[in-house]
Structure formats: structure tokens, C-alpha cells
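Descriptive analysis of the structure
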Amino acid sequence: RIMIEKYLTLKWQEGALAGVSPKSSFYVNCGFGGTMTSKDILNGGMNIEVGLAILRPGEFYVMQISHQQKVLKRRPEFVLGNAKLKIGIDS
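A brief look at the structure comes next. (Residues numbered from 1 in each chain as written. Predicted model: local features only at pLDDT ≥ 70, side-chain atom pairs only at ≥ 80, totals over all residues. Heavy atoms only, no water.)

Before going further, it helps to spend a moment on the pairing of strand 2 (residues 45–52). Two elements, strand 1 (residues 26–30) and strand 2, share five bridges in a ladder whose sense is antiparallel. Across the sheet, F26 pairs through a bridge with L52, a residue of strand 2. (Pairing = 2+ DSSP bridges. Helix = DSSP H or I, 4+ residues; strand = E, 2+ residues; numbered from the N terminus.)

This part takes up the nonpolar core. Counting seven residues, the largest nonpolar core consists of L8, L17, F26, V28, I48, V50 and L52. Looking at this core, the elements that each hand over two or more residues are strand 1 and strand 2. It is strand 2 that provides the largest number of residues to this core, a total of three residues. Once residues within four sequence positions are removed from consideration, L8 is found in contact with L17, F26, V28, V50 and L52. (Core = buried A, V, L, I, M, F, W, Y, C linked by side-chain atoms within 4.5 Å. Buried < 20%, exposed > 50% of the residue type's maximum accessible area, 1.4 Å probe, protein only. Contact = heavy atoms within 4.5 Å.)

With that settled, consider the side chain of S24. Within the secondary structure, S24 sits in helix 2 (residues 22–25). In this structure the side chain of S24 is engaged in a polar contact, spanning 3.1 Å, whose partner is the backbone oxygen of S21. Ignoring sequence-local partners within four residues, the contact set of S24 consists of A18, G19, A53, P57, G58 and F60. (Polar contact = N/O pair within 3.5 Å; in protein donor to acceptor, adjacent residues only side chain to side chain.)

What follows covers the pattern of salt bridges. In total, this model carries three salt bridges according to the counting rule given. Among the ionic pairs, R1 bridges to E5, the shortest N-O distance being 3.0 Å. The exposure class of R1 is partly exposed, given its relative accessible area of 48%. The residue E14 makes a salt bridge to K11 at a minimum N-O spacing of 3.0 Å. Since its relative accessible area comes to 57%, E14 is described here as exposed. On the basis of relative accessible area, K11 is assigned to the partly exposed category, the value being 25%. (Salt bridge = Lys/Arg side-chain N within 4 Å of Asp/Glu carboxyl O.)

Attention now moves to the sheet that holds strand 1. The strand order across the open sheet formed by three strands is 1-2-3, and the pairing between neighbours is antiparallel. Edge positions in the open sheet fall to strand 1 and strand 3 (61–68), since each of these has one partner strand only. Across the sheet, the axes of successive neighbouring strands diverge by a mean angle of 15 degrees, strand direction being ignored. Helix 1 (residues 2–13) contacts strand 1 and strand 2 of the sheet and is inclined by roughly 170 degrees relative to strand 1. (Axes fitted to C-alpha atoms, helices over the stretch in contact; angles between N-to-C directions.)

Now the structure itself:
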């Protein structure tokens, strides 16, 4: 969320977004209880909602972005001397 807000603040400063302040120019929603459920988080999902004031301040064009992280099929193994160490979660 912070990276998107920083990027959009730069675009606002360049005049790409309408509004006298960043708050009237865009918003970013992302997180538990807002755009994501506990199931989304446990499954490696991320849901982001971005509103952009392109023509008029406070009138937002809303985009919803989803990203699903790849889940490892098997745990990585590391060899330490004669012992194997498995790290991660089986899926």
C-alpha cells in the first residue's frame, strides 16, 4: 500500500491527478478486514482497491487489483552435515 501511495503522490505532484491534495486525488485500500479476508492472507492472496481522481477531485475511477503468490509444491531441503533440514509448508 505504501509503495502505491508514494507513486501516486509523485503523479499528483506532476499534475497527473485532479485535486488540491493527495487525499482528494486518490486512495488506496489494502489489508485485513478491508479488501482481504484471513483466507486470502493464508492462501498468499492480496487484494488492492485504488481510486483515482482523473477528471475531478473526489470523483474516483476505482480499480481492483488481485495478486496470488505462488505456493511451493514441496519443501526446500538443505543439507547440514549428515542431516537434512526441511523448511516450509507442504501444500
